[in-house]
Amino acid sequence: MENESLKIQHQRLPDLVMEQLMDWIMDGKIHMGQKLNTEELAQQLGVSRMPVREALKNLEKLGIAESVPYAGARVVKLTKSDVRQIYIMRKALEPVAGFYACQNITDQQIAEVEEIQNRFEQVMSVEKPSAKQIYIHNREFHFAIYNISGLDRLCEMIKMLWDNLAFYKLIYGLTYVDDKVEASRMISEHRGYIDALRVKKPEELQKRLTVSLERHEVDVPYKVSSYIDDCIDE
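Below, the structure is looked at part by part. (Residues numbered from 1 in each chain as written. Predicted model: local features only at pLDDT ≥ 70, side-chain atom pairs only at ≥ 80, totals over all residues. Heavy atoms only, no water.)

### Thoughts on the overall build of the protein chain
Within the protein chain one finds eleven helices and three strands. Each helix and strand of the protein chain, placed in order from N terminus to C terminus, yields the pattern α-β-α-α-β-β-α-α-α-α-α-α-α-α. By residue count, 49% of the 234 residues in the protein chain fall in the buried class. Sequence separation of 24 or more characterises 76% of the internal contacts of the protein chain that already satisfy a separation of 6 or more. Of the roughly 12000 Å² that the protein chain leaves accessible, carbon and sulfur atoms contribute 50%. (Helix = DSSP H or I, 4+ residues; strand = E, 2+ residues; numbered from the N terminus. Buried < 20%, exposed > 50% of the residue type's maximum accessible area, 1.4 Å probe, protein only. Contact = heavy atoms within 4.5 Å. Areas by Shrake-Rupley, 256 points an atom, 1.4 Å probe, with all protein chains shown as cover.)

Below is the structure:
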């Protein structure tokens with residue numbers, strides 16, 4: 001990675017550092033399993049170590065990095081088989097959370113979910129949307145629904161699975177940047193979930209979530225396979 005100085009100071013510095021690290025991941029400058037050395041990153045970014053440490057903690061919360069005892073932080077590492085297994089587990093859990101959320105949801109909560117979706121569509125509407133923002137807003141949308149289920153333990157398990165997949169979802173997010181058909185399909189899926197919530201049809205929402213996850217169980221490992229294979233070969 002070339003020495004890159006952060007010039008924009010309107011955001012909090014740790015947020016800028018995190019965005020730059022996510023850009024490097026999507027550009028292939030940082031690979032899965034790679035150690036993230038605080039001092040080296042601080043030098044490359046032209047900042048002190050403090051905002052880098054905070055940025056790495058935020059990446060850990062998103063599931064993109066992990067802290068290894070006595071070794072420090074590194075980017076997560078999974079195989080294609082791991083990714084597929086996680087989707088199988090998500091397929092078993094998320095439609096259940098959606099089912100109960102649909103039973104419990106109020107009109108006010110539906111309005112809140114729709115507002116989140118509106119913000120998501122604004123992100124998607126620009127010529128070259130940010131894969132980082134797509135990932136963050138998509139996650140916010142789904143958990144706004146799942147948390148309404150009242151199944152706290154189930155939602156924690158789902159969150160753990162999303163965290164496990166975050167690195168690959170970030171890479172996969174580039175699909176929606178480059179493919180307007182896929183981007184449109186994602187928006188339509190979200191709108192379909194909202195429609196099911198609005199008419200209180202839990203079985204319909206459960207079915208829609210299952211179909212989407214079945215498709216991604218195949219798509220995500222396939223579309224990030226070249227990235228994974230490149231990392232394994234190195």
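The rest of the description comes next.
### Topic: the packing of aromatic side chains
Under the defined criterion, the tally for this structure stands at four aromatic pairs. Taking the centre distance of 5.4 Å and the plane angle of 70° together, the rings of Phe-99 and Tyr-100 count as edge-to-face. Overall, the relative accessible area of 36% leaves Tyr-100 in the partly exposed class. Consider the rings of Phe-143 and Tyr-146, whose centres lie 5.8 Å apart with planes at 80°: the pair is edge-to-face. On the criterion of helical spacing, the pair formed by Phe-143 and Tyr-146 is a turn pair, its members being three residues apart in helix H6 (residues 131-146). Summarising the burial analysis for this pair, Phe-143 and Tyr-146 share the class buried. These aromatic residues form a ring-pair network of at least three members: Phe-143, Tyr-146 and Trp-162. (Phe/Tyr/Trp six-rings, centres within 6.5 Å; stacked < 30°, edge-to-face > 60°.)

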